[in-house]
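The primary structure of each chain is shown beneath.
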Amino acid sequence: MDETALQHALTSTQNLGEMPDADAVGTVGSPDCGDMVRLWIKYKEKDGRKVIDKASFQSFGCQTAIAVASIATELIRGKTKAEALAMSAEDLSKPLGSLPPMKIHCGQMVEGALRAALEAESKGQGEGGGETRHQAGQSGTLADALNLSGKTQGKVKIILNS
Ligand code: FES
């Protein structure tokens, strides 16, 4: 893994925080380590195509997951849903170089949250474009979902939109 790229991604994290007007949201937790990522997507029409206007994320996870999520939310901008779905965890973490074996699931978790958001949105088509949740009970922030808002428990690290 490219440590310089990792540090850069962490010191200039992009698109961190909840997106209240998002079209879709997806959340995935890793059974390997208990970390979680939530990703919001907003679409727009461009040249007759529906593309991702912007994306944001919250992470309840390790630095690698935060870095990949930050990079991924930039990489998918301007892409169609199909183009974004075609991106693998490897594609999403490419600027960080090859992830070490213990960190591969971090990128896969971001890919999972992205897929969940993309698929949640498609289920919502025909419903007036309203917000669609990946599953019930995800209306609050990630910390709300975990009932940990504003708290740090043990080694848990919560990244919140301030
Ligand atoms: Fe589990 Fe990175 S997401 S260690």
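Residues numbered from 1 in each chain as written. Predicted model: local features only at pLDDT ≥ 70, side-chain atom pairs only at ≥ 80, totals over all residues. Heavy atoms only, no water.

**Student:** Would you explain the overall build of the chain in this entry?
**Tutor:** Along the backbone of the chain there are six helices and four strands. N-terminal to C-terminal, the α/β element order of the chain is α-β-β-β-α-α-α-α-β-α. Taking all 162 residues of the chain together, the buried fraction comes to 43%. For the chain, contacts bridging at least 24 residues in sequence account for 64% of all contacts bridging at least 6. Within the structure as shown, the chain displays about 8100 Å² of accessible surface, and the carbon and sulfur contribution to it stands at 49%. (Helix = DSSP H or I, 4+ residues; strand = E, 2+ residues; numbered from the N terminus. Buried < 20%, exposed > 50% of the residue type's maximum accessible area, 1.4 Å probe, protein only. Contact = heavy atoms within 4.5 Å. Areas by Shrake-Rupley, 256 points an atom, 1.4 Å probe, with all protein chains shown as cover.)

**Student:** Explain the nonpolar core here, please?
**Tutor:** Note on soluble globular proteins: their nonpolar side chains tend to be buried together. Counting residues in hydrophobic clusters, the biggest one holds 31 residues, and the most contacted among them are Ile41, Ile76 and Leu96. Among the elements of the structure, helix H1 (3-11), strand S2 (36-46), strand S3 (49-60), helix H2 (63-75) and helix H5 (104-123) are those that each provide at least two residues to this core. Those residues in contact with leucine 96, other than ones at most four positions away along the chain, are Met1, Asp2, Ala5, Leu6, Ala67, Val68 and Ile71. (Core = buried A, V, L, I, M, F, W, Y, C linked by side-chain atoms within 4.5 Å.)

**Student:** Help me out: how do you make sense of the pattern of salt bridges in this one?
**Tutor:** Where charged atoms from two side chains of opposite charge approach closely, those side chains can pair. One pass over the structure, following the stated rule, counts five salt bridges. We note a salt bridge from arginine 77 to glutamate 74, for which the minimum N-O separation is 3.6 Å. Across the pair glutamate 111 and arginine 115 runs a salt bridge whose closest N-O atoms are separated by 2.9 Å. A residue pair is termed a helical-turn pair when its members lie 3 or 4 positions apart in one helix, as glutamate 111 and arginine 115 do in helix H5 at four residues. (Salt bridge = Lys/Arg side-chain N within 4 Å of Asp/Glu carboxyl O.)

**Student:** Please explain the pairing of S3 as it appears in this structure.
**Tutor:** Regular strands have side chains that alternate between both faces of the sheet. Sheet topology note: the S2/S3 ladder contains eleven bridges and is antiparallel. Bridge pairing in S3 places isoleucine 41 opposite alanine 55. The antiparallel hairpin formed by S2 and S3 contains two residues in its connecting segment, where aspartate 47 sits at a positive phi of about 50 degrees. (Pairing = 2+ DSSP bridges.)

**Student:** Looking at this model, I keep getting lost on the layout of surface pockets. Mind explaining?
**Tutor:** To find leftover empty space, a probe the size of one water molecule is rolled over the atoms. Counted as a void, the largest pocket has a volume near 170 Å³. Around the largest pocket, the lining residues are Ala89, Glu90, Ser93, Lys94, Gly97, Ser98, Leu99, Ile104, Gly107 and Gln108. Every element with two or more residues in the lining of the largest pocket is listed here: helix H4 (89-92) and H5. The biggest single contributor to the lining of the largest pocket is H5, with three residues. Split into classes, the residues belonging to the lining of the largest pocket amount to three nonpolar, five polar and two charged. (1 Å grid on protein atoms, 1.4 Å probe; cavity = no way out; pocket = protein on both sides within 12 Å on 5 of 7 lines; lining within 4 Å. Points joined across faces, edges and corners; volume = space filled by probe spheres on them. Nonpolar A, V, L, I, M, F, W, Y, C, P; charged D, E, K, R; others polar.)

**Student:** When you look at H2 in this model, what are you seeing that I'm missing?
**Tutor:** Two residues of an α-helix separated by three or four positions point the same way, owing to the 3.6 residues in each turn. If you check H2, its first and last C-alpha atoms are 18 Å apart, about what 13 residues at 1.5 Å a residue would give, namely 18 Å. Counting buried positions over the 13 residues of H2 gives ten, a clear majority of the element. Among the residues of H2, Thr64, Ala65, Ile66, Ala67, Val68, Ala69, Ser70, Ile71, Ala72 and Thr73 are the ones counted as buried. (Expected span 1.5 Å × (residues − 1).)

**Student:** I tried to follow unusual backbone geometry on my own but got confused; where do I start?
**Tutor:** Most peptide bonds are trans, and most residues other than glycine sit at a negative phi. The backbone phi angle of asparagine 15 is positive, close to 60 degrees, even though this residue is not glycine. Within the secondary structure layout, asparagine 15 lies in the loop between H1 and strand S1 (24-29). A relative accessible area of 22% means that asparagine 15 is categorised as partly exposed. With phi around 50 degrees, aspartate 47 is a residue other than glycine that occupies positive phi space. Mapped onto the fold, aspartate 47 is located in the loop between S2 and S3.

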